[in-house]
Amino acid sequence: MILSDVATTDRVSHAELAGAVRALAMDGVEAAKSGHPGLPMGAADIATVLFTQFLKYDAADPFWPDRDRFVLSAGHGSMLLYALLYLSGLEGMTVDELKRFRKLDSKTPGHPEHFMTPGVETTTGPLGQGVATAVGMAMAERMLAAEYGAGVSDHYTYVLASDGDLMEGISQEAIALAGHLKLNRLVVLFDDNGISIDGPLSLADSVDQPKRFEAAGWRAERIDGHDPEAIAAALKRAQASDRPSLIACRTTIGYGAPKRAGTSKAHGEPLGAEELAGAKAAIGWTAAPFEIPEHILSAWREAGRRGARERSSWTDRLEALDPAQKAEFTRRMHRKLPEGFGAAMAELKNSLVSAPQEVATRKASEIALGAITKVVPELILGSADLTPSNNTRVNNPVAVAPGEFGGRYIHYGIREHGMAAAMNGMAIHGGFRPAGATFLVFSDYARPAIRIAALGGIPSIYVFTHDSIGLGEDGPTHQPVEHLAALRSMPNLRVFRPADAVETAECWQLALERTDGPTLLALTRQNLPQVRLTASDANLSAQGAYELLPAGEGETHATIFASGSEVSVAVEAQALLKQKGVSARVVSVPSLELFLAQPEDTKRKVIGAAPVKVAVEAAVRFGWDAVIGSDGIFVGMSGFGASAPYKDLYRHFGITAEAVAERVLRTHNL
């Protein structure tokens, strides 16, 4: 859609509009004495045409669900986006904020952060993340359109990407998935300036990007990125395409700078007074720093209001929906769970207690999802080509397919990183709760996107199975030993490792109830006995750890802490110790970091005062000393695993009830 029905460009030239973007970007970087002026100067023409003629948005409501999304994947060029938001009239993005670029608590951080700055659609900076996140946004738009119709969801996702974005490996995963699904509402504008930090791009890369995208099923073309008419014509062609589009816009980095234009010196440092003055002279800009002539600012503000009519029409269409359908759409966009969710989870837990099951927690997850998917229609499951192993396809959902977006399951292919980033995009877009699966060891491939979710408070859910040496014969390449510790160390990522079917149901409930960050479920391949055998209205996993089995009467000699598959080992060890006259408690720890975040009195009560403290986990010790102390006993892994049946491995590495009991008895001569 072209929204150029106002007379903005009749009164003000394109050069003036783009000049305002360039000037503010230069001024912001210069004031901060830090930043990246080259990309905003080079890409200003592209952004100006997009924002003033094509982008469907209303600066008065940056959260309008049917707005077009603009993702600055090249996040280092953040002053471009901040300048656009200010010029468009976004509330809160003031000249003072531009002057505070890269300062503490400003709305103009070094790289765009959507949790800090309204109008920033997603956190970017790590190259490639924006492109891949945008794929998820484009998927969500098409999926909502399939469910609610074009009257509710009918918008584009535009991405401004750099050479670096397209060199990162995640970009291949993203463009392959988008091309396969024919996401024709996705448009990538490639700032093809031929420069990287080290110098000319030819030092390290000679890929023909349009041909690469075409090979992945995209429509692609090359244009002059400083020609506004060529940019507009290319965007019209992209909007008419039946495939996603790449527009490679040939630009000059640091456009206008007398000495630095077209060189790596324009990339990542302020221009300096002399070069700044020369650049402004070259583009005909005479206003003082951070000042925009009134006629230019007025034209930009008019462009920022251009989408108001479309927003009003969309609101009318939403109001005209069936009341139940409107309420459901609104609920989902606000990340509210359906009213029947709590009752469904309580019923599931009661059924598991009444009929205990010895199953792997990946199977327990499948059982939980069987109940959840009946009441949470926005839950979108998927797997990175491990569906039969992850047990994530339940109740036979229709899969999303090329041009067919009414499904509830996504086959991501062997693209763990692209999957995790696309999940972020779907979650940020709104209307869906994505959950994606692979093996826990392959979380390494997805980690940068998981980190973006944790940083940005994005409620993605990761279903990572085969969580320890318990996967057996596939051996140490597939057996995660350090991964739990590494993932637990990530701020705002909640890691759950449930012990049985009941805890798995509780962890799924907590994952879906959480809206301020991502959740990871680490699940077993091997069957486990059910250790929760009594009903509880409370979600015992909610505080991260709880007493599963008391020590009994009299003095408590030891407390055994364990997570996941090792909780049953702890239960067996308790019985062995009892035979020796040693009284031990068993504490299940489904989420170590959640437990450590509890109030001190809660932690003291759960940890207890037993003189011997033991932690049992088929992983490395790192992190457990916060519970057992540096002098506590740890029964687990100290190196990589091996290839053998899992029971043999547990015996080989000494992670058995007998080993736990023996260590307790040896300590303090009990």
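In the block above lies the structure referred to throughout.
Quick caveat: nothing in here was measured; it's all calculated off a predicted structure.

The rules behind each value
Residues numbered from 1 in each chain as written. Predicted model: local features only at pLDDT ≥ 70, side-chain atom pairs only at ≥ 80, totals over all residues. Heavy atoms only, no water. Helix = DSSP H or I, 4+ residues; strand = E, 2+ residues; numbered from the N terminus. Rg over C-alpha atoms; globule rule 2.2 N^0.38 Å. Buried < 20%, exposed > 50% of the residue type's maximum accessible area, 1.4 Å probe, protein only. Contact = heavy atoms within 4.5 Å. Pairing = 2+ DSSP bridges. Expected span 1.5 Å × (residues − 1). Polar contact = N/O pair within 3.5 Å; in protein donor to acceptor, adjacent residues only side chain to side chain. Salt bridge = Lys/Arg side-chain N within 4 Å of Asp/Glu carboxyl O. Axes fitted to C-alpha atoms, helices over the stretch in contact; angles between N-to-C directions. Core = buried A, V, L, I, M, F, W, Y, C linked by side-chain atoms within 4.5 Å. Parallel < 35°, antiparallel > 145°, perpendicular 65-115°, else oblique. Left-handed = near helix turned anticlockwise from the far one by under 90°. Nonpolar A, V, L, I, M, F, W, Y, C, P; charged D, E, K, R; others polar.

A few words on the overall build of the chain. The number of helices and strands found in the chain is 27 helices and 18 strands. The C-alpha atoms of the chain give a radius of gyration of 28 Å, which matches the 26 Å a tight globule of 670 residues would have. Taking the principal axes of its C-alpha atoms as reference, the chain extends roughly 90 × 55 × 45 Å. When each of the 670 residues of the chain is scored for burial, the buried share is 61%. Expressed as a percentage of contacts within the chain between residues at least 6 apart in sequence, the contacts between residues at least 24 apart total 77%.

Neither face of strand 1 (residues 69-72) is left uncovered, since the one carrying Arg69 and Val71 and the one carrying Phe70 and Leu72 both have all their residues buried. Examined bridge by bridge, strand 1 and strand 2 (residues 157-161) share four bridges and lie parallel to one another. Bridging from a neighbouring strand, valine 71 pairs with valine 159 of strand 2.

Turning next to unusual backbone geometry. With a phi close to 60 degrees, asparagine 391 is a non-glycine residue in the positive phi region. Relative to the helices and strands, asparagine 391 is located in the loop between helix 17 (387-390) and strand 9 (409-411). Unlike most non-glycine residues, asparagine 396 shows phi in positive territory, near 50 degrees. Its place among the elements puts asparagine 396 in the loop between helix 17 and strand 9.

Right, let's talk about helix 22 (residues 567-579) for a bit. Over its 13 residues, helix 22 runs 19 Å from end to end, which matches the ideal 18 Å to within 8%, given 1.5 Å per residue. Residues of helix 22 that are buried sit in contact with strand 14 (546-549), strand 15 (558-562), strand 16 (584-588), strand 17 (612-617) and helix 27 (657-666). Just beyond helix 22, the residue with positive phi is glycine 581, at close to 80 degrees.

This next bit is on the environment of glycine 77. Inspection of the secondary structure puts glycine 77 in the loop between strand 1 and helix 4 (78-88). Residues glycine 77 and glycine 125, 48 residues apart in the sequence, show an inter-C-alpha distance of 8.9 Å. When near neighbours in sequence (up to four residues on either side) are disregarded, glycine 77 contacts His36, Leu39, Pro40 and Leu72.

The next point concerns the side chain of arginine 67. Here arginine 67 lies in the loop between helix 3 (38-54) and strand 1. From its side chain, arginine 67 meets the backbone oxygen of tryptophan 64 in a polar contact 2.7 Å long. Look past the residues within four positions of arginine 67 in its chain and what remains in contact with it is Lys56, Tyr57, Pro62, Glu121 and His155.

Taken as a whole and assessed by the stated rule, the structure comprises 38 salt bridges. A salt bridge links arginine 311 to aspartate 58, with the shortest nitrogen-to-oxygen separation between them at 2.7 Å. With a gap of 253 residues between them, arginine 311 in helix 13 (residues 308-319) and aspartate 58 in the loop between helix 3 and strand 1 connect regions that are remote in the sequence. Owing to a relative accessible area of 25%, arginine 311 belongs among the partly exposed residues under this scheme.

Next up on the list: the side chain of serine 88. Assignment of secondary structure puts serine 88 in helix 4. Classification of serine 88 as buried rests on a relative accessible area of 4%. Beyond its immediate chain neighbours, meaning those up to four positions away, serine 88 contacts Phe51, Tyr57, Ala59, Trp300, Arg301 and Gly304.

This part is about the sheet that holds strand 9. Reading across from one edge, 9-8-10-11-13-12 is the order of the six strands in this open sheet, with parallel pairing throughout. Two strands in the sheet have a free side with no partner beyond their single neighbour: strand 9 and strand 12 (494-496). Put simply, the sheet's adjacent strands are angled 20 degrees from each other on average, direction ignored. Note that strand 12 and strand 13 (residues 519-522) share three bridges and pair parallel. In the sheet register, phenylalanine 496 faces strand 13, and the bridge partner there is leucine 521. Sheet strands in contact with helix 18 (residues 416-429) are strand 8 (379-383), strand 9, strand 10 (433-439) and strand 11 (461-465), and its direction is about 170 degrees off that of strand 10.

This part takes up the pairing of strand 2. With five of its five residues buried, strand 2 lies for the most part within the structure. The side-chain alternation of strand 2 yields two buried faces, one formed by Thr157, Val159 and Ala161 and the other by Tyr158 and Leu160. Here strand 2 runs beside strand 3 (residues 186-192); their pairing, made up of five bridges, is parallel. Note that in strand 3 the partner of alanine 161 across the bridge is phenylalanine 190.

End to end, helix 15 (residues 341-354) covers 20 Å across 14 residues, agreeing with the expected 20 Å (1.5 Å per residue, within 8%). Of the positions making up helix 15, those classed as buried are Phe341, Ala344, Met345, Leu348, Lys349, Leu352 and Val353. If you follow the buried residues of helix 15, they end up packed against helix 16 (361-375) and helix 21 (501-513).

Time to look at the nonpolar core. Counting 71 residues, the largest nonpolar core has Met139, Leu183, Leu186, Trp218, Tyr462, Leu493 and Leu520 as its most contacted members. The residues touching methionine 139, leaving out its near neighbours within four places in the chain, are Leu177, Leu181, Leu183, Ile410, Ala422 and Met426. Core analysis: the next-biggest nonpolar cluster, separate from the first, contains 68 residues, Val21, Phe54, Leu87 and Ala234 among them.

What follows is about the sheet that holds strand 15. If you trace the five strands from one edge of the open sheet to the other, you get 14-16-15-17-18, paired in mixed fashion. Each edge of the open sheet is held by one strand with a lone partner, namely strand 14 and strand 18 (633-636). Within the sheet, the average angular offset between the axes of one strand and its neighbour, ignoring direction, is 30 degrees. Where strand 15 lies against strand 17, five bridges are found, and the strand directions are parallel. Looking across to strand 17, one finds that phenylalanine 561 is bridged to alanine 615.

This brings us to the packing of helix 2 (residues 14-32) against helix 4. Orientation of helix 2 relative to helix 4, taken along the N-to-C sense of each, is 120 degrees, at an axis distance of 9 Å. On the basis of their axis angle, the class for helix 2 and helix 4 is oblique. Seen along the crossing, helix 2 lies across helix 4 with a hand that is right-handed. Here Ala20, Val21, Leu24, Ala25, Gly28 and Val29 of helix 2 lie close against helix 4, whose contacting residues are Met79, Leu80, Ala83, Leu84, Tyr86 and Leu87. A per-class count over the contact of helix 2 with helix 4 returns 11 nonpolar, one polar and no charged.

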